[in-house]
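The residues making up each chain are set out below.
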Amino acid sequence: MPYEKELEIALNAVKKASALCRRAQMTLVKSEAVAKKDRSPVTIADFGSQAVVTLSLMAAFPGDFIVGEEDAGILRENAGLRQKVCALVEEQAGPVSADQMMDAIDQGACTPDFSGRFWTVDPIDGTKGFLREEQYAIALALVENGQVVLGVLGCPDFPGDEGENGGLFFAVRGGGTFMLPGNAQVRQKIAADRIKDSRDARFCESVESAHAAHDVHARIAEALGIKAQPLRMDSQAKYGAVACGLASVYLRLPRSSAYREKIWDHAAGVIIVEEAGGRVTDFSGNPLDFSTGRTLEKNVGILATNTFLHDDVLKAIRAVQSEG
Ligand SMILES: Nc1ncnc2c1ncn2[C@@H]1O[C@H](COP(=O)(O)O)[C@@H](OP(=O)(O)O)[C@H]1O
Ligand SMILES: [Mg+2]
Ligand SMILES: [Mg+2]
Ligand SMILES: [Mg+2]
């Protein structure tokens, strides 16, 4: 099987990072979130998770680049935070010096040849959801030639049966999408739903209205005759929801037209939906191009569907956008 070693290492890394996030959530108080330069929140769990994932990948694939959301700047200036992150990381990864840990986190700021091979990691996607104790994800993907070839998405609080929450989604190009639910050891092959009439569909979107234009989504849904209320979830758990049939459509139009999506907010989710039989494009119907740097320069608006509804949703998007 292609990418067998990559998948094994990536699954282990995301499992460890998920355990770290759960541990941190038990002790973390909301006031411990620190504001980054762009005013978005970051926590000791974001740093710890990126350290654990990066240390695992660096050991197994020393030549690979790992593009990550976080860097260690804040930790280099704050010994108290640094110590807390170190303690979390050592629980999962064994003994590691503060310098080793910060150097590993700083790998995330590397600039690879984006049209070659690189990993991308979002150590906590949906930090605001994590702080609200709602949905969040640990997202790791391998990109080659602008295309995602492997994705792992840990969703420690993904809604499951009988209160058994948690799900680990993963996919390798050409091999289907699998989910490991809750505490289960047995992986299940999953598939997007087969809804063909948009009136029967449910769509999902961000909780944060600053991240996505809920009002425009509502007009698109209305044009499609969708009656169901939107499923609001933080993080790439939304891609997981489309991949397993919890929703048929994921809409994401940024509120600001200047905003460009970050690659780590989408790479893992895209392959998890596509390998489950779904389709992902931007709002113009173009595939997402992961070769343009840390952001998706060429793509505005993200649409993930069960494939069957894709063209109808694109048509509704065009109709709504032409109304202005
Ligand atoms: N103005 C904006 N428009 C769109 N996305 C934004 C945004 N500001 C931040 N984000 C991204 O939205 C992600 C969360 O997505 P969602 O709303 O689906 O939960 C954040 O990931 P992080 O939480 O990893 O920082 C962040 O990268
Ligand atoms: Mg963030
Ligand atoms: Mg993110
Ligand atoms: Mg993040």
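Residues numbered from 1 in each chain as written. Chains lettered and ligands numbered in written order. Predicted model: local features only at pLDDT ≥ 70, side-chain atom pairs only at ≥ 80, totals over all residues. Heavy atoms only, no water.

**Q** Would you take a moment to explain the pattern of salt bridges for this structure?
**A** Should their charged atoms come close, side chains of opposite charge can pair. Evaluated as defined, the whole model comprises 21 salt bridges. For Glu208, the salt bridge is made with Arg132, and the minimal N-O distance between the two is 2.7 Å. One end of the pair, Glu208, is in the loop between β10 (203-205) and α7 (214-223); the other, Arg132, is in the loop between α6 (127-131) and β5 (137-144), and 76 residues separate them in sequence. Ionic pairing is found between Glu323 and Arg219, a salt bridge with its closest N-O pair at 3.1 Å. With a gap of 104 residues between them, Glu323 in helix α10 (residues 310-323) and Arg219 in helix α7 connect regions that are remote in the sequence. For Glu323, a relative accessible area of 56% corresponds to the exposed category. Through salt bridges with shared partners, one network takes in Lys128, Arg132, Glu134, Glu208 and Asp234. (Salt bridge = Lys/Arg side-chain N within 4 Å of Asp/Glu carboxyl O. Helix = DSSP H or I, 4+ residues; strand = E, 2+ residues; numbered from the N terminus. Buried < 20%, exposed > 50% of the residue type's maximum accessible area, 1.4 Å probe, protein only.)

**Q** Which parts of the structure should I look at to understand the sheet that holds strand β6 (residues 147-155)?
**A** The strands making up a sheet are joined through hydrogen bonds of the backbone, oriented either antiparallel or parallel. Reading across the sheet, the seven strands line up as β3-β4-β5-β6-β7-β8-β9 and stay open at both edges, with mixed pairing between neighbours. Only two strands of the sheet have a single partner each, and these edge strands are β3 (66-68) and β9 (188-190). Across this sheet, the average inter-strand angle for adjacent strands is 20 degrees, counted without regard to direction. As paired elements, β5 and β6 share seven bridges and run antiparallel to each other. When the sheet's bridge partners are listed, Leu140 is paired in β6 with Val152. The strands touched by helix α2 (residues 44-60) within the sheet are β3, β4 (117-125) and β5, with β4 carrying the most contacts at an inclination of about 155 degrees. Lying on the sheet, helix α9 (residues 267-274) is in contact with β4, β5, β6, β7 (167-172) and β8 (177-181); it crosses β6 at an angle near 100 degrees. (Pairing = 2+ DSSP bridges. Axes fitted to C-alpha atoms, helices over the stretch in contact; angles between N-to-C directions. Contact = heavy atoms within 4.5 Å.)

**Q** I'm lost on the UniProt feature "binding site: Mg(2+)" (unreviewed entry) in the protein in this one. Help?
**A** Per the UniProt record, "binding site: Mg(2+)" (unreviewed entry) is annotated on Glu69, Asp122, Ile124, Asp125 and Asp265. These annotated residues cover 197 residues of sequence, but their C-alpha atoms sit close together, with the largest distance between any two at 9.7 Å. For Asp122, the position within the fold is in strand β4. Ignoring any residue separated from it by four or fewer positions in sequence, one finds Asp122 in contact with Glu69, Ala137, Ile138, Ala139, Trp264 and Asp265. By secondary structure assignment, the location of Asp125 is in strand β4. Judged by relative accessible area, Asp125 falls into the buried class, the value being 8%. (UniProt positions renumbered as here; feature names shortened; annotations may be inferred.)

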